[in-house]
Each structure stands twice: as structure tokens, then as C-alpha cells.
Amino acid sequence: MTDIEDIEYVWSALGGDPALVPRISVTARKGALEARLPVRELARACVGACALAAAELGARRGGLREVPRVRVDDGAVATAFVSERHLLVGGRAPVTFAPLSRLWRTADGWVRTHANYPHHRARLLAALGLSDDRVSVVESVLAERSALEVEESLYAAGGLAVALRTPEEWAGHPQGVAIAARPLVERGRLDATHARVLAPVDGDPLLPAAGLRVLDLTRVIAGPVATRTLALLGADVLRVDAPQLPELPDQHANTGFGKRSTKLDLRADRRAFEELLATADVVVTGYRPGALDRFGLSPEALAERRPGVVVAQLSAWGAYGPWRERRGFDSLVQVATGIAAVEGSPERPGALPAQALDHGTGYLLAAGVLRALTEQSYEGGSRFVRLALARTAAWLMSGVGGADAGDDVHEGPDEWLAETGSALGRLRYALPPVSFAGGPGDWERAPGVWGSDPARWV
């Protein structure tokens, strides 16, 4: 495939008109997101499709005769895909992984754990019968156990660990089989409500999502990247977190651009949440499948209470198969699906040059929301969009479009970094890679303190 054919594949998965793909131009750069797998091509396709979806909606709302041209630069994309590494908060580099979030040797192979959050760290230690959290102590205990035993015992205790698998082993695993049978982007209608009437937009820059209200029920990277992108495009994005599940401050600083952030306990503050839902246009969720259903937050229940809503769902393993209720993160999905084996050596598993499953799926999710809004303006209907990190991984493992050399050299990120003041201190951050003619080049709002905003729309 060529670079545009990669985007054609994603655009088709989103239900887009193939005649719009030639509106995209690509600046390919050698050295951007180098890996054995075609990570650069995946990243370029996800961002390019998202930018085209934004331009399409902008043309619809702006009454334009043509969809604006889209520009995709591998340098901007590569910088954004490692935005957490470029972030500086008051001159300080953020902490990305905790000491117990890493690969470990086991008696028969390797296992990857995730313990960035305090409750996951506590469950990891409890499952191993440890009170001592020194790396050397955990290392010695895991070295005596099999990788699959660790995987199962930690998940049973509510922790997070996966055994290293080869691509062939994952392809034969029941979850791998279930994922392979699903489309890259699951999308559809929930009802037959009337067509959405979108208010016209104009101005410089053109903001395709201006006036739209987005409830952001996501955490970590992928979901917040999606909602950060919708905020860039003009949406009023309100992130809602449970007070008992605090976010990591540096993670919030990286993905909180353009948004507001509030805390709500859905068990105690249900009335406040329902008031927000009553005028929301989009609800984005990033919890494991079924976790929010007991609060009446399934797509069907949301559409019943808020006809015309777009519900976008993100998970690690998908809403199907034996792992459908398991928690997961990009680093774990890389190890389980064979990516770590491909990118590593016989001596040690490797990793992608970025958390590309998180970032790529985040841009795909935002694209799915934008396309759903465009389709609603013609056809109506409450809509759902559903993606999974493991399904994005399957696409990457299939080879995407194959690597191409590129003409220019990716010499560094400086061109795609900016600085701003904020309530968190002086921030250095990666600029958004989603770009189209007349569109925004940066967020209007820097991230604030996590959970400090009132639970109401602007």
C-alpha cells in the first residue's frame, strides 16, 4: 500500500466517502517512529483519517463547497504519539511508569505487570503475598512462577499482568480469535431519531465541533487523547472522574488540554450526572466493557434517556471473548498480542517506539465520533462507535500498509512543541497533529487542576 492507501483503509472502516481521501497530503519522514512493525504508517493513517473527519464535519457545518484539504506530517504525528515524553511541568519531566510496571522474567518466560495506580500496585503485592515492594523482592518471587500462573492469579486478584506470547500463540488464543473476527471500527445506529440539526459555524479557525457537549468518562491515554482532540476542534469537553479513583497528575497534564475536569460519584451525585447527560451530544467511555452498565450507561440506556446521543466506547480487549471483562493497558496488549516478541530479541521482549495502540486508537475514536455526527446530520439516529486496543494491535500485526522510506528526515520534535502557562505551572507540550486548511493549530485552554471544575456545562 501507499501512504494514502493506509488512510483509505481506515477511512473505509469509519464509513467515509472514498472520494474524499485525495484531499489528504502526506509529508513522509525517515526516522519517524522507527520499528520492525509499520508503526509510522499506522499513526499516519489514524491521524489522517481523524483530520479528514474533522474537515468533513467542518465543511458540513460551515456550508463550504469543498472539504478543506488535510495535511499530515510524520514529524508532527511522531511527536504527538510520544507527547507524554515531551511534556515538562514547571521544567520537570513526568513520571511515566512506576517501578513495578515492567517486564519480569518468570520460570518459563516473561510477564508484564502494570502498577502505575496505587490500587493496582496494592493488588499486585497482595496477589504475590508480599508487603515488601522492592523490585528485587518482587523479581525473586516472579522468577519462581510460570508466566501463565502469574497472569491468572493477578487478574483473579484484580491486578494486571499478562504473559508474553508470540503472534502465533495469540492468533490461537480464544481472545485473539474473537478479536480477529471483528472490524477495526464497530459502528452503528441505536434508534431512528430524527436527523441532528447542527448550528452553522464560521470564523477563523474553523471549529467543526463548536457548540457540542462531550461527557468524557475516560482515563489514562487512549480515551483522553480522543476527547483532547474533540476539545481542539471546539467541543465543550467535561471530564468526569470518580473521587475514589484519582488520576495521575502528569497523565492529566498531558491529556487535559482543551478540557475541564470535575469529580462526581455516580452513586451519590446521580442527579448532577443526569443533568449533564440531558444536554450532552457525545458520551465517551474508557472503562472495561460492562463496568458502567450498572449505572445505566450502556449505549442503549444512554440513547433511551438522551435520544440523538453519540456513544463512543473504548476498551483494551474488546467487548467480546473470554477477556472482555479484563482491564488492560497499551503495554499489556503489546505483550499479549505478540508485538513485544516481534520488536524484541531472543534474549528479551521489546516494545513499540510509542504507546501507539493508545494514541492511534484515541485518534480513531475521535474520528468515529466526528463521522457519526456528520452521518447524524443527514440520517439521524443515536449512534455508537466502539474500538479496542487489541483490535488496533491486530491491524498493526497484519502489516498495515507496509513501511515506506519517506523523503525528508525526522530530525527532532522542536518544530512541533510549544509552551504555555497553566494552573499546573509552565508546560512544554506536543502540538496537536490533526491539521486541515482553516482549522485550529492549538488548544485554546491549558489543562487545569484535576477535578477542580464545577459539574456543569459552559
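Look up: the structure comes first, before these words.
In this convention, every chain numbers its residues from 1, walking through the sequence in written order. Given that the model is predicted, a residue must reach a pLDDT of at least 70 before its local features are reported, and side-chain atom pairs must reach 80 or more before they are shown or counted; all residues, however, enter totals for whole chains, interfaces and linings. Side-chain measures here rest on the full set of heavy atoms in the structure, leaving out hydrogens and waters.

Draft legend 1. Examining the sheet that holds strand 4 (residues 88-89) more closely. Here, strands pair whenever DSSP counts at least two bridges between them. Numbering of helices and strands runs from the N terminus; a helix is a DSSP stretch of H or I covering at least four residues, while a strand is a stretch of E covering at least two. Taken together, the three strands give an open sheet; going across it, the order is 4-17-16, and neighbouring strands pair in antiparallel fashion. Two strands lie at the open edges of the sheet, namely strand 4 and strand 16 (417-420), each paired on one side alone. The pairing of strand 16 with strand 17 (residues 427-430) spans four bridges and is antiparallel. Bridged to Ala418 within strand 17 is Tyr429.

Draft legend 2. Layout of the pattern of salt bridges. Any Lys or Arg side-chain nitrogen located within 4 Å of an Asp or Glu carboxyl oxygen qualifies as a salt bridge. Enumeration according to the criterion identifies 31 salt bridges in this entry. Ionic pairing is found between Glu419 and Arg426, a salt bridge with its closest N-O pair at 3.4 Å. Per-residue accessibility, obtained with a 1.4 Å probe over protein chains only, is compared with the maximum for each type, and a residue is labelled buried under 20%, exposed over 50%, and partly exposed between these values. The class of Arg426 is partly exposed, set by a relative accessible area of 47%. Several salt bridges share partner residues, and in doing so they unite Glu56, Arg187, Arg371, Glu375, Glu379 and Arg383 into one network.

Draft legend 3. Fine view of the packing of aromatic side chains. Pairing of aromatic side chains here covers Phe, Tyr and the six-membered ring of Trp, requires ring centres within 6.5 Å, and sorts the geometry by plane angle: under 30 degrees stacked, over 60 edge-to-face, intermediate tilted. In this structure the tally under the stated criterion is nine aromatic pairs. A centroid spacing of 6.0 Å and a plane angle of 50° characterise the contact between Trp170 and Trp317, whose relative ring orientation is tilted. Pair noted here: Trp170 is in helix 8 (residues 167-172) and Trp317 is in the loop between strand 13 (310-315) and helix 14 (330-336), with a separation of 147 residues, a long-range link. Ring geometry for Trp317 versus Trp323: centroids 4.8 Å apart, planes at 85°, classification edge-to-face. What makes Trp317 buried here is its relative accessible area of 0%. Within the aromatic cluster, the residues linked to one another by ring pairs are Trp170, Trp317 and Trp323. Comment: the charge-over-ring label is applied if NZ (Lys) or CZ (Arg) is within 6 Å of the ring centre and within 35 degrees of the ring normal. Cation over ring: Arg60 sits above Tyr378, and NZ or CZ is 3.7 Å from the ring centre.

Draft legend 4. Broad picture of helix 17 (residues 389-397). Summarising burial for helix 17: seven of the nine residues are buried, a large majority. Those residues of helix 17 not exposed but buried are Leu389, Ala390, Arg391, Thr392, Ala393, Trp395 and Leu396. Positive phi shows up at Gly399, right after helix 17, with a value of about 105°.

Draft legend 5. View of the pairing of strand 14 (residues 383-388). Burial within strand 14 is extensive, with five of its six residues counted as buried. With four bridges connecting them, strand 8 (residues 186-189) and strand 14 associate as antiparallel partners. Among the inter-strand pairings, Glu186 is bridged to a residue of strand 14, identified as Arg386.

Draft legend 6. Broad picture of helix 5 (residues 118-127). Here helix 5 has its buried residues at His120, Leu124 and Leu125. Angular distribution of buried residues about the axis of helix 5 spans 135°; they occupy a single face of the element. Across from the buried face of helix 5, at angles greater than 90 degrees, the exposed residues are Pro118 and Ala126. Lining the buried residues of helix 5 we find strand 6 (110-113), helix 6 (135-142) and helix 7 (147-156). Just downstream of helix 5, Gly129 is the residue with a positive phi angle, here 70°. The arc refers to the directions leading from the helix axis to the C-beta atoms. By definition, residues are in contact when any of their heavy atoms lie within 4.5 Å.

Draft legend 7. View of the nonpolar core. In plain words, nonpolar cores are sets of buried Ala, Val, Leu, Ile, Met, Phe, Trp, Tyr and Cys residues tied together by side-chain atoms within 4.5 Å. Of all hydrophobic cores here, the largest spans 110 residues; its most connected members are Phe81, Trp317 and Tyr363. With 15 residues, helix 2 (residues 39-62) is the single largest residue contributor to this core. Setting aside chain neighbours within four positions, we find Phe81 in contact with Leu33, Ala43, Val47, Ala354, Gln355, Ala356, His359, Gly360 and Tyr363. Counting residues in each nonpolar core, the second largest holds 19 residues, with Leu297, Leu302, Val309 and Val311 among its members.

Draft legend 8. Region of interest: the sheet that holds strand 11 (residues 260-263). Taken in spatial order, the seven strands of this open sheet run 8-14-13-12-9-10-11, and their pairing is mixed. Looking along the sheet, the strands with just one partner apiece sit at the ends: strand 8 and strand 11. Averaged over all pairs of adjacent strands, the angle between their axes in this sheet comes to 15°, without regard to strand direction. Pairing between strand 13 and strand 14: six bridges, direction parallel. Note that in strand 14 the partner of Ala312 across the bridge is Val385. Packing against the sheet, helix 16 (residues 356-379) makes contact with strand 8, strand 12 (282-285), strand 13 and strand 14, and its axis sits at approximately 165° to strand 14. The sheet contacts of helix 17 involve strand 13 and strand 14, and relative to strand 14 the element is tilted by about 60°. All axes here are fitted lines through C-alpha atoms, helices being fitted over the stretch that makes contact, and every angle between N-to-C directions spans 0 to 180 degrees.

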